[in-house]
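Chain by chain, the residues run as shown.
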Amino acid sequence: MTHIYKDLLIENGDLVLDMGRNPIICNDQDCIAQDIKHAILESGLAVQMVAERSVTTLNDIKHQLILLAESDLRIIPGTCTITMINEKYLLAANTYKFGGVEAWI
């Protein structure tokens, strides 16, 4: 099977290695989700959400995160949502070619 998108798998800011100490490659959906997560981390918006008490400000940051995720050309505009689950945020969106993707913020 040919994959369109490939990238090195990064978890907790570290490169993930297999048992032979070779980097693990993520493909297509996982690659897109990882790219979105890294864009969010680099934007600094996730840090602004920490300990934010103002519902208005929190909703504004969520909206900015959605716009950032939907700026990825692989994401279908208008399909991105952010849901709080067990005090963590899950961003979900649909792609044009690979169905849904999810990224924990």
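Heads up: these notes are all about the structure in this document. (Residues numbered from 1 in each chain as written. Predicted model: local features only at pLDDT ≥ 70, side-chain atom pairs only at ≥ 80, totals over all residues. Heavy atoms only, no water.)

## Some details on the pattern of salt bridges
Turning to step 1, where the next piece is worked out: Going through the model one piece at a time under the given rule, you end up with two salt bridges.
Turning to step 2, where the next piece is worked out: The closest approach of N and O atoms between Arg74 and Asp35, which form a salt bridge, is 2.9 Å. Taken together, the residues Arg74 in the loop between helix 3 (55-70) and strand 5 (81-85) and Asp35 in helix 1 (residues 28-43) connect sequence positions 39 residues apart.
Turning to step 3, where the next piece is worked out: With relative accessibility at 15%, the residue Arg74 sits in the buried group.
Turning to step 4, where the next piece is worked out: Asp35 gets classed as partly exposed once you look at its relative accessible area, which sits at 25%.
Turning to step 5, where the next piece is worked out: A salt bridge links Arg74 to Asp72, with the nearest nitrogen and oxygen atoms 2.8 Å apart. (Salt bridge = Lys/Arg side-chain N within 4 Å of Asp/Glu carboxyl O. Helix = DSSP H or I, 4+ residues; strand = E, 2+ residues; numbered from the N terminus. Buried < 20%, exposed > 50% of the residue type's maximum accessible area, 1.4 Å probe, protein only.)

## Details of the side chain of Gln34
Turning to step 1, where the next piece is worked out: Tracing the backbone shows Gln34 in helix 1.
Turning to step 2, where the next piece is worked out: Among all residues touching Gln34, those that are not within four sequence positions of it are Asp7, Leu8, Leu9, Ile10 and Cys26. (Contact = heavy atoms within 4.5 Å.)

## A look at the packing of aromatic side chains
Turning to step 1, where the next piece is worked out: As enumerated under the stated definition, the model contains one aromatic pair in all.
Turning to step 2, where the next piece is worked out: With 6.0 Å between their ring centres and 75° between their planes, Tyr5 and Phe98 make a pair best called edge-to-face. Separated by 93 residues along the polypeptide, Tyr5 in the segment before strand 1 (6-8) and Phe98 in the loop between strand 6 (88-95) and strand 7 (99-104) bring together distant segments of the chain.
Turning to step 3, where the next piece is worked out: According to the relative accessible area criterion, Tyr5 is partly exposed, its value standing at 26%.
Turning to step 4, where the next piece is worked out: Just above the ring of Tyr5 sits the side chain of Arg74; from NZ or CZ to the centre is 4.7 Å. (Phe/Tyr/Trp six-rings, centres within 6.5 Å; stacked < 30°, edge-to-face > 60°. Lys NZ or Arg CZ within 6 Å of the ring centre and 35° of its normal.)

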